[in-house]
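Next come the chains, spelled out residue by residue.
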Amino acid sequence: MDRLIREGRLEEARKIQYAANDIIAQLCACHGNLYAVMKAILKKTGVECGGVRKPLPGLIESDAAVVDEAAAMIAAAVKTYC
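Here goes a summary of the coordinates provided. A quick note: this is a predicted structure, and the numbers were derived from the prediction, not measured.

1. Structural notes on unusual backbone geometry
- Of note, the bond from Lys54 into Pro55 is cis; its omega dihedral lies within 30 degrees of zero at 20°.
- With respect to the helices and strands, the residue Pro55 is situated in the loop between helix 3 (34–44) and helix 4 (64–81).

Following this line, the structure appears as structure tokens:
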């Protein structure tokens, strides 16, 4: 986005920002701990970094679908904009 803005390509930068905003909103839709959510997404991409340490709560089961959707949104954004 920074490069696009410096080049005056604001509409392209906006599209990336909107995609990032949607991903952030999806991450925040989870009921469990945000760090646990991020680590679950990293695990889906092959980065095993373990769970969160106490006192932070781990990922809750009901957030699994939200994590899957967020991971898909990130993959789609990377494919589209990178």
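2. Some thoughts on the packing of helix 2 (residues 10–28) against helix 4
- Where helix 2 contacts helix 4, the axes come no closer than 9 Å and their chain directions differ by 165°. Taken as axis vectors, helix 2 and helix 4 run roughly antiparallel relative to one another. Crossing of helix 2 against helix 4: the hand is left-handed. Here helix 2 contributes Lys15, Ile16, Ala19, Asp22, Ile23, Gln26 and Leu27 to the contact with helix 4, which in turn contributes Val66, Glu69, Ala70, Met73, Ile74, Ala77 and Tyr81.
- For the contact of helix 2 with helix 4, a count of residues per class yields ten nonpolar, one polar and three charged.

3. Examining the nonpolar core
- The biggest cluster of nonpolar side chains holds twelve residues, and these are Ile23, Leu27, Cys30, Val37, Ala40, Ile41, Val66, Val67, Ala70, Ala71, Met73 and Ala77.
- Sorting the residues of this core by element identifies helix 2, helix 3 and helix 4 as the ones contributing at least two each.
- Beyond its immediate sequence surroundings of up to four residues, Ala40 is in contact with Leu59 and Val67.

4. Some words on a nonpolar patch on the surface
- Together, Leu34, Tyr35, Met38 and Leu56 give the surface a local cluster of nonpolar side chains, amounting to about 350 Å² of exposed area.
- Counting through the fold element by element, Tyr35 comes out in helix 3.

5. Description of the environment of Tyr18
- Among the structural elements, Tyr18 can be located in helix 2.
- Sequence spacing of Tyr18 and Ile5 is 13 residues, and the spatial spacing of their C-alpha atoms is 14 Å.

6. What about helix 2?
- Helix length check: helix 2 (19 residues) gives 26 Å between terminal C-alpha atoms against 27 Å at 1.5 Å per residue, within 8%.
- Where helix 2 is buried, its residues touch helix 1 (2–6), helix 3 and helix 4.

The rules behind each value
Residues numbered from 1 in each chain as written. Predicted model: local features only at pLDDT ≥ 70, side-chain atom pairs only at ≥ 80, totals over all residues. Heavy atoms only, no water. Helix = DSSP H or I, 4+ residues; strand = E, 2+ residues; numbered from the N terminus. Axes fitted to C-alpha atoms, helices over the stretch in contact; angles between N-to-C directions. Parallel < 35°, antiparallel > 145°, perpendicular 65-115°, else oblique. Left-handed = near helix turned anticlockwise from the far one by under 90°. Contact = heavy atoms within 4.5 Å. Nonpolar A, V, L, I, M, F, W, Y, C, P; charged D, E, K, R; others polar. Core = buried A, V, L, I, M, F, W, Y, C linked by side-chain atoms within 4.5 Å. Buried < 20%, exposed > 50% of the residue type's maximum accessible area, 1.4 Å probe, protein only. Patch = residues over 30% accessible without salt bridge, like charges linked within 9 Å, V, L, I, M, F, W, Y side chains within 5 Å. Areas by Shrake-Rupley, 256 points an atom, 1.4 Å probe, with all protein chains shown as cover. Salt bridge = Lys/Arg side-chain N within 4 Å of Asp/Glu carboxyl O. Expected span 1.5 Å × (residues − 1).

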